[in-house]
Amino acid sequence: MARSRAWATAWTVLRLAMAAVIAAAITAQLSKSIGTAAELGRDVTTTITNFFSFFTILSNALAAIVLVWAAVWYFARGRRAVAEPPALAVALACASSYMIITGIVYNALLRNIELPQGSAPIPWSNEVLHLIGPLFLLADVFVGPLRRSLPWRSLWAVVAFPIVWVVYTMIRGPLVTNPVSGDPFWYPYPFLNPNNPGGWLSVIVYVIGIALAIVAVGAFVVWWGRRTGTADTDADAATPAAAAYVPSEALSE
């Protein structure tokens, strides 16, 4: 399929739709978790903080924000551009990498495990956050319009947030009382809980394995963008006037 202006516009509308569905899924699950906590007399503030401590929730929230950003940019300025701005390109690479990892880890390790999010999962919301959203962001890597070729150093931006999140999770874990079980610790995923069988050795093995997966996925996203996207020199060489005359040709390169 040629990536014409019509295709770029259609995919941008799909980005907006996907962002809305992701936001609805997060809101629905959060509302149910808060309602359950209030009904059972659990600490609501802790429940909310725990909810937004899941990598799944953070990656989906980031994806929704970045998809809206991409759509707003496209309708405001992108229809005359040959490539997305560098900051947006990095943000899309990060969001796509995190969502792909979310889909892989959940469906490979966690699908049959109920996570401590404060209430039972809402089926449609669960599928949006762990399957549909990740698949859309994977597709976006391949068919998203006006992609910019990023330098390899952009991979540092991709891996920075997961590192910060792991450090935050491991520091916060023993400081929080589980509002559901009353345990003097709380970890969003069982493979990060050093109190489980296997202890710290198991946690370290999982963290290293997932870290390598994040680097691999991030490297693939950056590599694909370098293979198919518009390089900085090409984007800078195209003036707004020239881009206005040849949007379809630029998109199909």
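Every value quoted in this text rests on a predicted model; they were computed, and no experiment measured them.

Draft legend 1. Geometry of the overall build of the chain. Across its full length, the chain carries 10 helices and zero strands. Reading the chain from its N terminus to its C terminus gives the helix and strand order α-α-α-α-α-α-α-α-α-α. A total of 253 residues make up the chain; the buried ones form 46% of that total. Considering only contacts within the chain whose residues lie at least 6 apart along the sequence, 79% involve residues at least 24 apart.

Draft legend 2. How the structure looks around the environment of V128. Relative to the assigned elements, V128 resides in helix 5 (residues 123-143). In this structure, the C-alpha to C-alpha distance between V128 and V21, residues 107 residues apart in sequence, is 7.6 Å. When neighbours within four sequence positions are excluded, V128 is seen to be in contact with M18, V21, I22, A25, N60, G133 and P134.

Draft legend 3. Representation of the packing of aromatic side chains. In total, this model carries 19 aromatic pairs according to the counting rule given. A ring pair is formed by Y98 and F161, whose centres lie 5.6 Å apart and whose planes are at 45 degrees; its orientation type is tilted. Of this pair, Y98 sits in helix 4 (residues 86-110) while F161 sits in helix 6 (residues 154-172); the two residues are 63 residues apart in sequence, bridging distant segments of the chain. A relative accessible area of 30% means that F161 is categorised as partly exposed. Among the aromatic residues, those joined into a ring-pair cluster are F54, F55, Y98, F161, W165, W186, Y189, F191 and Y206.

Draft legend 4. Fine view of the pattern of salt bridges. Enumeration according to the criterion identifies four salt bridges in this entry. With a closest N to O distance of 2.8 Å, R15 and D140 form a salt bridge. Residue R15 is located in helix 1 (residues 5-40), and its partner D140 is located in helix 5; the two are separated by 125 residues in the primary sequence. Each member of the pair, R15 together with D140, is buried.

Draft legend 5. Region of the structure containing the confidence of the model for the chain. Residues of the chain with pLDDT of at least 70 account for 89%, and the chain-wide mean is 88. Under a pLDDT of 50 for its full length, residues 239-253 has, in the predicted model, 20 contacts with residues more than four places off or in other chains.

Draft legend 6. Layout of the side chain of T169. Within the fold, T169 resides in helix 6. Classification of T169 by relative accessible area gives buried; the value is 4%. Not counting chain neighbours up to four residues away, the residues in contact with T169 comprise Y187, P188 and L192.

Draft legend 7. Geometry of the packing of helix 3 (residues 55-76) against helix 5. At a minimum axis separation of 11 Å, helix 3 and helix 5 run at an interaxial angle of 40 degrees. The angle between the axes of helix 3 and helix 5 places the two elements in the oblique class. Helix-helix and strand crossings are classified by hand; for helix 3 and helix 5 the assignment is left-handed. Residues T56, I57, N60, A63 and L67 of helix 3 form the contact with helix 5, whose participating residues are V128, L129, H130, F136 and L137. Residues belonging to the contact of helix 3 with helix 5 are distributed by class as follows: seven nonpolar, three polar and no charged.

About the criteria used
Numbers given to residues run from 1 along each chain, matching the order in which its sequence is written. Selection of residues for local features in this predicted model requires a pLDDT of at least 70, selection of side-chain atom pairs for listing and counting requires 80 or more, and totals for whole chains, interfaces and linings are taken over all residues. With hydrogens and water excluded, all non-hydrogen atoms of the structure serve as input to the side-chain values. Counting from the N terminus, the helices are DSSP H or I runs at least four residues long and the strands are E runs at least two residues long. Only protein chains enter the accessibility calculation, which uses a 1.4 Å probe; a residue whose area is less than 20% of its type maximum is buried, one above 50% is exposed, and one in between is partly exposed. The contact criterion used throughout is that any non-hydrogen atoms of two residues lie within 4.5 Å. Ring pairs are drawn from Phe, Tyr and Trp, using the six-membered ring of Trp, whenever the two centres fall within 6.5 Å, and their geometry is named by plane angle: stacked under 30 degrees, edge-to-face over 60, tilted for the rest. Salt bridges are identified by distance alone: a Lys or Arg side-chain nitrogen within 4 Å of an Asp or Glu carboxyl oxygen. pLDDT expresses how confident the predictor is about each individual residue, on a scale running from 0 to 100. Where helices are involved, their axes are fitted lines through C-alpha atoms of the stretch in contact, as for all axes, and angles between N-to-C directions lie from 0 to 180°. What sets the label is the angle itself: under 35 degrees gives roughly parallel, over 145 gives roughly antiparallel, 65 to 115 gives roughly perpendicular, and the rest give oblique. The handedness criterion is simple: a crossing whose near helix is rotated anticlockwise from the far helix by less than a right angle is left-handed, and one whose near helix is rotated clockwise is right-handed. Residues are sorted three ways: Asp, Glu, Lys and Arg are charged, Ala, Val, Leu, Ile, Met, Phe, Trp, Tyr, Cys and Pro are nonpolar, and all the rest, Gly among them, are polar.

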